[in-house]
Amino acid sequence: MTEINTVKLRIEKTLSLVPTGNVVSYGQLADLCGLPGRARLMGKCLRSLDGQHNWHRVLRADGKIAFPQGSELAREQSTRLLDEGVLIKNGRVSMKDYGWQPDLYTVLSKLEY
């Protein structure tokens, strides 16, 4: 298995733990996947995943949607987040209100990396 495929599996498993109505940043996702400092790699791998995964729950560190405003992907991400009850204001989500902070049980028993 290639390194990229291994990373994709890590991302898929980790994103499956992010609860509905919560979001993570690319950097936080990298940390949770055991790849600190690899936020850009998360973006690259997420682009190659099919739409069945919770890619819409990943935002920039400042809570902004990373896609160009008004693009089809930005609209899809916004729609999916709004359907989950996540408030978006001016293309930004409050990381304070909606950012996922896994509890100790999740960190120790469910996150594998």
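Structure: see above.
1. Digging into the overall build of the protein
Move 1: Counting secondary structure elements, the protein contains six helices and two strands.
Move 2: By principal-axis analysis of the C-alpha atoms, the protein measures approximately 35 × 30 × 25 Å.
Move 3: Across the protein, contacts joining residues at least 24 apart in sequence account for 65% of those joining residues at least 6 apart.
Move 4: Summing over all exposed atoms, the protein offers an accessible surface of approximately 6,800 Å²; the carbon and sulfur share of this is 50%.
Move 5: Positive and negative charge centroids in the protein, built from 16 and 12 side chains respectively, lie 6 Å apart.

2. Digging into the packing of helix α1 (residues 3-15) against helix α3 (residues 39-48)
Move 1: Relative to each other, α1 and α3 sit at 85°, their axes nearing to 10 Å. Here α3 runs roughly perpendicular to α1, going by the angle between their axes. Along the contact surface, α1 presents Ile4, Val7, Lys8, Ile11 and Leu15, while α3 presents Leu41, Met42, Cys45, Leu46 and Ser48.
Move 2: The residue makeup of the contact of α1 with α3, split by class, is eight nonpolar, one polar and one charged.

3. Thoughts on the side chain of Asn54
Move 1: Its location among the elements puts Asn54 in the loop between α3 and β2 (58-59).
Move 2: At 3.2 Å, the side chain of Asn54 and the backbone oxygen of Leu15 are in polar contact.
Move 3: Ignoring sequence-local partners within four residues, the contact set of Asn54 consists of Leu15 and Ser16.

4. Quick word on the pattern of salt bridges
Move 1: Scanning all chains against the criterion turns up four salt bridges.
Move 2: One salt bridge in this structure joins Glu84 and Arg57, with 2.7 Å as the shortest N-O distance. In this pair, Glu84 is assigned in the loop between α4 (72-83) and α5 (95-98) and Arg57 in the loop between α3 and β2, connecting sequence segments 27 residues apart.
Move 3: Note on Arg57: relative accessible area 5%, which makes it buried.

About the thresholds
Residues numbered from 1 in each chain as written. Predicted model: local features only at pLDDT ≥ 70, side-chain atom pairs only at ≥ 80, totals over all residues. Heavy atoms only, no water. Helix = DSSP H or I, 4+ residues; strand = E, 2+ residues; numbered from the N terminus. Contact = heavy atoms within 4.5 Å. Areas by Shrake-Rupley, 256 points an atom, 1.4 Å probe, with all protein chains shown as cover. Lys, Arg positive; Asp, Glu negative; His and termini not counted. Charge placed at Lys NZ, Arg CZ, Asp CG, Glu CD. Axes fitted to C-alpha atoms, helices over the stretch in contact; angles between N-to-C directions. Parallel < 35°, antiparallel > 145°, perpendicular 65-115°, else oblique. Nonpolar A, V, L, I, M, F, W, Y, C, P; charged D, E, K, R; others polar. Polar contact = N/O pair within 3.5 Å; in protein donor to acceptor, adjacent residues only side chain to side chain. Salt bridge = Lys/Arg side-chain N within 4 Å of Asp/Glu carboxyl O. Buried < 20%, exposed > 50% of the residue type's maximum accessible area, 1.4 Å probe, protein only.

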